[in-house]
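Observations on chain architecture
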Amino acid sequence: MTLNRIAPEAARHARRPVLQAAVTASARCGDREQYRDLLDRNGSAPPVIWAVQRAAAQKLCAACPVRPACEELALRDGAGDRASDGLVRGGRTGQDLAVDREIRQSGRLAAATAADRQHLLELDAAARSERYTLAYAMDVGPVTKLGLRRDAVERIGAMAMRAADRGEAWDIAVYNAAGADVTFDFVFARDDGALVVAA
Ligand code: SF4
């Protein structure tokens, strides 16, 4: 199973980050404004116009490689409502999605969203327990700070960046517990294109 080919049954069991990654990577509507406009009804569009637009939107979705993942996200995220026919997601109308969410699949979706919340808590806890090594060089010699939490890397890394701006530090890099260079996973490194990465 690849991210952009999640089957309907697999989508129902996938956690939210997996679904979102698939949609972000392969959505047919993607960043194209004309497609995004197709999926949402203009408030003033008369029913006959919306019917044509809705059919075109459903045709777009039918050929989308991540349609099941998109549909599952729309169900979990609360897209659409039973009172208004105003959008299409994952090939389904907003009203149809709302009926699934509130009636046909309410138990399953409540369990899926609860599992998503738990998963996020676990990811957050894992991220907070991770430790990193921050290394850089100065005139006095190499500086290596071991066992730093993410927030400490951000804080000390930002100080090192300011020293780099003054020409007092260079070769700034961050390594995870496995020794992989993860420097650009940190905001302090991405905010400033002047970072001098260790060779
Ligand atoms: S299924 Fe439709 S709304 Fe969903 S990502 Fe694909 S094109 Fe966009």
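Residues numbered from 1 in each chain as written. Predicted model: local features only at pLDDT ≥ 70, side-chain atom pairs only at ≥ 80, totals over all residues. Heavy atoms only, no water.

A look at the packing of aromatic side chains
To keep things clear, this is the line we draw: Stacked, edge-to-face and tilted labels apply to pairs of Phe, Tyr and Trp rings (six-membered ring for Trp) whose centres lie within 6.5 Å, assigned for plane angles under 30 degrees, over 60, and everything in between, in that order. By definition, any uninterrupted DSSP run of H or I lasting at least four residues is a helix, any uninterrupted run of E lasting at least two residues is a strand, and each is numbered from the N terminus. For each residue, the accessible area found with a 1.4 Å probe, counting protein chains only, is set against the maximum for its type, and the residue is called buried under 20%, exposed over 50%, and partly exposed in between. Only when the NZ of Lys or the CZ of Arg is both within 6 Å of the ring centre and within 35 degrees of the ring normal is a charge said to sit over the ring.
Counted according to the given criterion, the structure contains 2 aromatic pairs. The interplanar angle of 90° and the centroid separation of 5.1 Å between the aromatic rings of Tyr132 and Phe186 together place this pair among those described as edge-to-face. Remark: Phe186 occurs in the loop between β5 (169–175) and α9 (187–190) and Tyr132 occurs in strand β3 (residues 132–138); sequence separation between them is 54 residues. Classification of Tyr132 as buried rests on a relative accessible area of 3%. Here the guanidinium or amino end of Arg150 rests over the ring plane of Phe186, the centre of that ring lying 4.3 Å away.

A word on helix α5 (residues 67–77)
We count it as follows: Whether two residues are in contact is decided by their heavy atoms, any of which lying within 4.5 Å being enough.
The buried count for α5 comes to 8 of 11 residues, which makes it a mostly enclosed element. If you check which residues of α5 are buried, you get Pro68, Ala69, Glu71, Glu72, Leu73, Ala74, Leu75 and Arg76. Where the residues of α5 are buried, they touch α1 (8–13), α2 (16–26), β1 (88–89), β2 (92–93), α6 (94–104) and α7 (106–129). Gly78 sits one or two positions beyond α5 and adopts a positive phi of about 85°.

Quick look at the packing of α5 against α7
Using the following cut-off: As a rule, the C-alpha atoms of each element are fitted with a line to give its axis, helices using only the stretch in contact, and angles between N-to-C directions run from 0 to 180 degrees. Note on terminology: angles under 35 degrees are roughly parallel, angles over 145 are roughly antiparallel, angles of 65 to 115 are roughly perpendicular, and the others are oblique. Only Asp, Glu, Lys and Arg are considered charged, only Ala, Val, Leu, Ile, Met, Phe, Trp, Tyr, Cys and Pro nonpolar, and every remaining residue, Gly among them, polar.
With their axes 10 Å apart at the nearest point, α5 and α7 run at an angle of 90° to one another. As far as their axial angle goes, α7 and α5 are roughly perpendicular. Between α5, through Glu72, Leu75 and Arg76, and α7, the contact on the second element is made entirely by Arg108, Leu109, Ala112, Thr113 and Asp116. Here the contact of α5 with α7 is composed, by residue class, of 3 nonpolar, 1 polar and 4 charged.

Focus: the domain arrangement of the protein chain
To be explicit about the condition: In this document the domain limits rely on a domain assignment from an automatic tool or a database.
Each domain of the protein chain was delimited in the assignment, giving domain 1 (8–122) and domain 2 (132–189). Taking the mean C-alpha position of each, domain 1 and domain 2 sit 42 Å from one another.

With respect to the site of the ligand
Put simply, the rule is: By convention in this text, a residue qualifies as near a molecule or strand provided that one of its non-hydrogen atoms is within 4 Å of it.
Lining the immediate surroundings of the ligand are Ala27, Arg28, Cys29, Leu39, Leu60, Cys61, Cys64, Arg67, Cys70 and Gly90. Listing elements by their share of the shell around the ligand, those giving two or more residues are α4 (47–62) and α5. Here the shell around the ligand is composed, by residue class, of 7 nonpolar, 1 polar and 2 charged.

As for the pattern of salt bridges
The following threshold applies: The salt bridge definition used is simple: a Lys or Arg side-chain nitrogen within 4 Å of an Asp or Glu carboxyl oxygen.
Per the stated rule, a full pass over the model turns up 18 salt bridges. Arg54 serves as the salt-bridge partner of Asp85, at 2.4 Å between the closest nitrogen and oxygen. Of the two residues, Asp85 is situated in the loop between α5 and β1 and Arg54 in helix α4; the sequence distance between them amounts to 31 residues. According to the relative accessible area criterion, Arg54 is partly exposed, its value standing at 22%. Residues Arg67 and Glu71 are paired through a salt bridge, measuring 2.7 Å at the closest nitrogen-oxygen approach. Here Glu71 and Arg67 lie together in helix α5, a separation of 4 residues that amounts to about one turn. For Glu71, a relative accessible area of 14% gives the class buried.

A look at α4
Our working rule: An expected span of 1.5 Å times one less than the residue number is assigned to each helix. It is the directions from the helix axis to the C-beta atoms that the arc portrays.
With 16 residues, α4 should cover 22 Å at 1.5 Å per step; its first-to-last C-alpha distance of 22 Å lies within 8% of that length. The set of residues buried in α4 consists of Trp50, Gln53, Ala57, Leu60 and Cys61. All buried residues of α4 project into a common sector of 90° when viewed along the axis, lining one side. Along α4, the residues that are exposed and aim more than 90 degrees away from the buried face are Val48, Val52, Lys59 and Ala62. Where the residues of α4 are buried, they touch α3 (33–39), α5 and β1.

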